[in-house]
Amino acid sequence: MAGHLEAELPARDVSWAAALRAPFDALAGGNSAALEAIWDLSSRRLYGLALWRTGCEEDARDVVQEVFVRLASRRRDLSGIETPHVWLLAVTHNAAVDAVRRSARRRTEPLESAAHVAAPGSDPERATAASNTSRALAQLPSPQREAVLLHHVAGCSFREIAAITGVPAFTAASRCRLALARLRRLMGGSR
Amino acid sequence: MSDDPLLRGFEPPVVPARLREDTLAAARAVLAAAPRRDPWARLAASPAARLAWAASVAALAAAHVLLPRDGHVEAPPASATIARPDPELASIARLPRIDEHALPAPEGDRS
C-alpha cells in the first residue's frame, strides 16, 4: 500500500542518505573528523525535523545537540546500523517528542514565528512565499508536519517514516496526504 | 527540497549560527572522554583487585589441600556425662516429693 502511494508522489532526494554511510563507519572507527561530515550532510534536515516537530527554535537547538552527543557516545555501535539516515532521524524524532513533553508546561500557545522553510538566494518574492508557507506549516498538527518533512525534505519512504515515528506505513502516508491537502487549503489565497 | 508544487524551490530551515560549533564541540568532548567501563571490566583491570583475587584463590586451594577432609570435631562420649553428673544439677533436678529416699513428714507437722 505504501509503495503504491509513493508512486503517486514526486521523486525524493535520497542522496544524503547514501552519503552518510562512509562518515558513520569512519566515526565508528574513532575518526572524530567524521562528525563534521555527518553535520554537513544532515544538520539542516535534522534541525528542520526538530523545528517542525517542536515548533520552537530553542527546543530544536537542544534536540540537535542531543542527537550529536548521542551519536558520539554510541560510536561503537554505528557500524552495525544499516540505514544511518533513518537512525539519525529516529533519534531526532524521539528527542523532539521528549522536548515537547518537557516544555508542554511552560508553553501556552504554539509558536508560529519559526521559519519552517527557507528560500535560497535573496529574492524578496521567494522570501515572502517561504514566510507564508512557514505560517501555513505552523498551523498543521505536528505529526502531519513531521510526515511532510520526512517525506519531502528528508527523502524518506513511508516505510522509513513508519520506522522513525513508530506508526504504520499507511498512517504515515495518510498524514502526509492530509497535511498537503490542508496546506493547499491554507495557502489557497496565496497560490 | 521537493517537487511538490507547495514546497518546490524551498530549502530546509537555516541552522542558527553557532549551533554547529556548539554541537560539534559537545560531541567531540564525549568522544574524548574515557569510555565508561562496567564494574566487572574495572575490577578485571585493577592490579589490586586481581592480586586480592589471586591471594584468595591460593588461600582456598591451600586450605583444601592441608585441612583433613573428615576432620570434624569429636563429640565427648555420652557415657561420660551420664557417669559423673554434676552434683549441683542433680540436687536441683531431684524433686523431694518423688524421691524414693525422702522421709515422710512427721504426723501433725504441717508447717
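Residues numbered from 1 in each chain as written. Chains lettered and ligands numbered in written order. Predicted model: local features only at pLDDT ≥ 70, side-chain atom pairs only at ≥ 80, totals over all residues.

Q: What should I look at first to understand the overall build of chain A in this one?
A: Of the regular secondary structure elements, chain A holds 10 helices and zero strands. Of the regular secondary structure in chain A, the N- to C-terminal order runs α-α-α-α-α-α-α-α-α-α. When the 191 residues of chain A are sorted by exposure, 43% land in the buried category. Residue pairs in contact within chain A that sit at least 24 positions apart in sequence constitute 69% of those at least 6 positions apart. (Helix = DSSP H or I, 4+ residues; strand = E, 2+ residues; numbered from the N terminus. Buried ≥ 20, exposed ≤ 12 C-beta atoms within 10 Å, placed from the backbone. Contact = placed C-beta atoms within 7 Å.)

Q: How should the overall build of chain B be read in this particular structure?
A: Broken down by element type, chain B carries five helices and zero strands. For chain B, the succession of helices and strands along the chain, N to C, is α-α-α-α-α. Split into buried and exposed, the 111 residues of chain B put 7% on the buried side.

Q: Is there a simple way to think about the interface of chain B and chain A in this case?
A: Buried accessible area, meaning the area lost when the parts come together, often serves as the stated size of an interface. Across the contact, 24 residues belong to chain B and 37 residues belong to chain A. Looking at the side of chain B that touches chain A residue by residue, the classes come out as 15 nonpolar, three polar and six charged. (Nonpolar A, V, L, I, M, F, W, Y, C, P; charged D, E, K, R; others polar.)

Q: What's the story with the packing of helix H4 (residues 34–54) of chain A against helix H1 (residues 19–32) of chain B in this structure? I'm lost.
A: In contact at an axis separation of 11 Å, H4(A) and H1(B) are set at 140° when each is read in the N-to-C sense. Overall, the two elements H4(A) and H1(B) adopt an arrangement that is oblique. Pair H4(A) / H1(B) crosses with right-handed handedness. On H1(B), the residues touching A:Leu35, A:Glu36, A:Trp39 and A:Ser43 of H4(A) are B:Arg20, B:Leu24, B:Ala27 and B:Arg28. Grouping the amino acids of the contact of H4(A) with H1(B) by side-chain chemistry returns four nonpolar, one polar and three charged. (Axes fitted to C-alpha atoms, helices over the stretch in contact; angles between N-to-C directions. Parallel < 35°, antiparallel > 145°, perpendicular 65-115°, else oblique. Left-handed = near helix turned anticlockwise from the far one by under 90°.)

Q: Explain the confidence of the model for chain A here, please?
A: Interpretation of the predicted coordinates at a detailed level should be avoided for regions scoring low in pLDDT. The predicted model of chain A averages 83 in pLDDT, with 86% of residues at 70 or higher. Confidence drops under a pLDDT of 50 for residues 1–11 of chain A, and excluding neighbours within four residues, the segment shows 14 contacts in the predicted structure. (pLDDT = per-residue confidence, 0-100.)

Q: Explanation requested: the packing of H4(A) against helix H8 (residues 142–153) of chain A in the structure shown.
A: For any two helices packed against each other, the geometry is given by the interaxial angle and the distance between the axes. All names here are of chain A. For the pair H4 and H8, the least separation of the axes is 8 Å and the interaxial angle reads 165°. Judged on the interaxial angle alone, H8 and H4 are roughly antiparallel. At the point where H4 passes H8, the crossing takes the right-handed sense. Contact residues: H4 offers Arg45, Gly48, Leu49, Trp52 and Arg53, while H8 offers Ser142, Arg145, Glu146, Leu149, Leu150 and Val153. Its residues placed into classes, the contact of H4 with H8 shows five nonpolar, two polar and four charged.

Q: Explain the nonpolar core to me, please; I cannot follow it from the model alone.
A: Here is a general trend for soluble globular proteins: nonpolar side chains tend to be buried in one another's company. All names here are of chain A. Grouped together as the largest cluster of nonpolar side chains are 51 residues, with contacts concentrated most on Leu49, Ala50 and Leu150. Of all the secondary structure elements, the ones that give two or more residues to this core are helix H3 (21–28), H4, helix H5 (57–73), helix H6 (84–103), helix H7 (124–138), H8, helix H9 (158–165) and helix H10 (169–186). Discounting chain neighbours no more than four positions away, the residues touching leucine 49 are Leu89, Thr92, His93, Ala96, Glu146, Leu149, Leu150 and Ala154. (Core = buried A, V, L, I, M, F, W, Y, C linked by C-beta atoms within 7 Å.)

Q: Before we go on, may I ask you to explain H4(A) in this structure?
A: Helical geometry: 3.6 residues make up each α-helical turn, so side chains three or four residues apart lie on a common side. All names here are of chain A. Along H4, the sharpest kink reaches roughly 60°, centred on serine 42. Of all the 21 residues making up H4, 18 are buried; the element is thus mostly covered by neighbouring parts of the structure. Where H4 ends, the next residue or the one after it, glycine 55, has phi of about 70°, a positive value. (Bend = angle between axes of the 7 residues up to and from the residue.)

Q: Help me understand the confidence of the model for chain B, please; the structure alone is not making it clear to me.
A: Residue and element names in this part refer to chain B. Chain-level statistics for chain B give a pLDDT mean of 77 and a share of 67% at 70 or above. Mean pLDDT per element in chain B: helix H4 (residues 78–83) is the minimum at 59, and helix H3 (residues 47–66) is the maximum at 92. Model confidence for the complex: the whole-complex pTM is 0.66, and ipTM, which rates the interface, is 0.79.

Q: Teacher, can you tell me more about the environment of A:Val64 here?
A: If you trace the backbone, A:Val64 turns up in helix H5. Between the C-alpha atom of A:Val64 and that of A:Trp39, which follows or precedes it by 25 residues, the distance is 9.9 Å. Beyond its immediate chain neighbours, meaning those up to four positions away, A:Val64 contacts A:Ser43, A:Leu46, A:Tyr47, A:Ala50, B:Leu19 and B:Thr23.

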